[in-house]
Amino acid sequence: MHFTAATLIAGVVLSSVGTGYFMYGKRAGRPVHLVCGALLAIFPWFVTNLAALVLLGIVLVAAPFLAAWWFAI
């Protein structure tokens, strides 16, 4: 595995956002936030490509907002 400083920093930032989503989803009973938070906290361990890390992170960060907009959750 090849890690750079940029991938490590991006992973820490995305994991922090994921922890916040997870805590909010657990407290408010929102399963979309809970799942996205868990995925955001875990997936940086497995993705070492910076572009894929950022792209997947943006998708997972936006997923609860998109789910609320599309499905009125």
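The text that follows walks through the structure, step by step, so that each part is easy to find.

## Some thoughts on the overall build of the chain
Consideration 1: Looking only at helices and strands, one finds 3 helices and 0 strands in the chain.
Consideration 2: Helices and strands appear in the chain in the N-to-C order α-α-α.
Consideration 3: Relative to its full complement of 73 residues, the chain shows a buried share of 27%.
Consideration 4: In the chain, 56% of the contacts between residues at least 6 apart in sequence involve partners at least 24 apart.
Consideration 5: Accessible area of the chain: about 4,900 Å², with a carbon and sulfur share of 78%.

## Some words on the environment of Thr48
Consideration 1: As for its placement among the helices and strands, Thr48 is situated in the loop between helix 2 (31-42) and helix 3 (50-71).
Consideration 2: When the C-alpha positions of Thr48 and Thr7 are compared, they lie 6.7 Å apart, and in sequence the two are 41 residues distant.

## Some words on the side chain of His33
Consideration 1: Counting through the fold element by element, His33 comes out in helix 2.
Consideration 2: The buried category is assigned to His33, whose relative accessible area is 13%.
Consideration 3: With sequence-adjacent residues up to four places away left out, His33 is seen in contact with Tyr21, Phe22, Tyr24, Gly25 and Pro64.

## What to know about the packing of helix 2 against helix 3
Consideration 1: Running from N to C, helix 2 and helix 3 point in directions that differ by 175°, and their axes come no closer than 9 Å. It follows from the interaxial angle that helix 2 and helix 3 lie roughly antiparallel. Along its contact with helix 2, which presents Val32, His33, Cys36, Leu39 and Leu40, the element helix 3 presents Gly57, Leu60, Val61, Ala63, Pro64 and Ala67.
Consideration 2: Here the residues of the contact of helix 2 with helix 3 are counted per class, giving 9 nonpolar, 2 polar and no charged.

## Things to note about helix 2
Consideration 1: Counted at 1.5 Å a residue, the expected span for helix 2 with its 12 residues is 16 Å, and the 17 Å between its end C-alpha atoms agrees.
Consideration 2: Among all positions of helix 2, only His33, Cys36, Gly37 and Leu40 are buried. Mapping the buried residues of helix 2 onto a view down its axis gives an arc of 105°, with all of them on the same face.
Consideration 3: Buried residues belonging to helix 2 abut helix 1 (5-28) and helix 3.

Conventions we followed
- Residues numbered from 1 in each chain as written.
- Predicted model: local features only at pLDDT ≥ 70, side-chain atom pairs only at ≥ 80, totals over all residues.
- Heavy atoms only, no water.
- Helix = DSSP H or I, 4+ residues; strand = E, 2+ residues; numbered from the N terminus.
- Buried < 20%, exposed > 50% of the residue type's maximum accessible area, 1.4 Å probe, protein only.
- Contact = heavy atoms within 4.5 Å.
- Areas by Shrake-Rupley, 256 points an atom, 1.4 Å probe, with all protein chains shown as cover.
- Axes fitted to C-alpha atoms, helices over the stretch in contact; angles between N-to-C directions.
- Parallel < 35°, antiparallel > 145°, perpendicular 65-115°, else oblique.
- Nonpolar A, V, L, I, M, F, W, Y, C, P; charged D, E, K, R; others polar.
- Expected span 1.5 Å × (residues − 1).
- Arc of directions from axis to C-beta.

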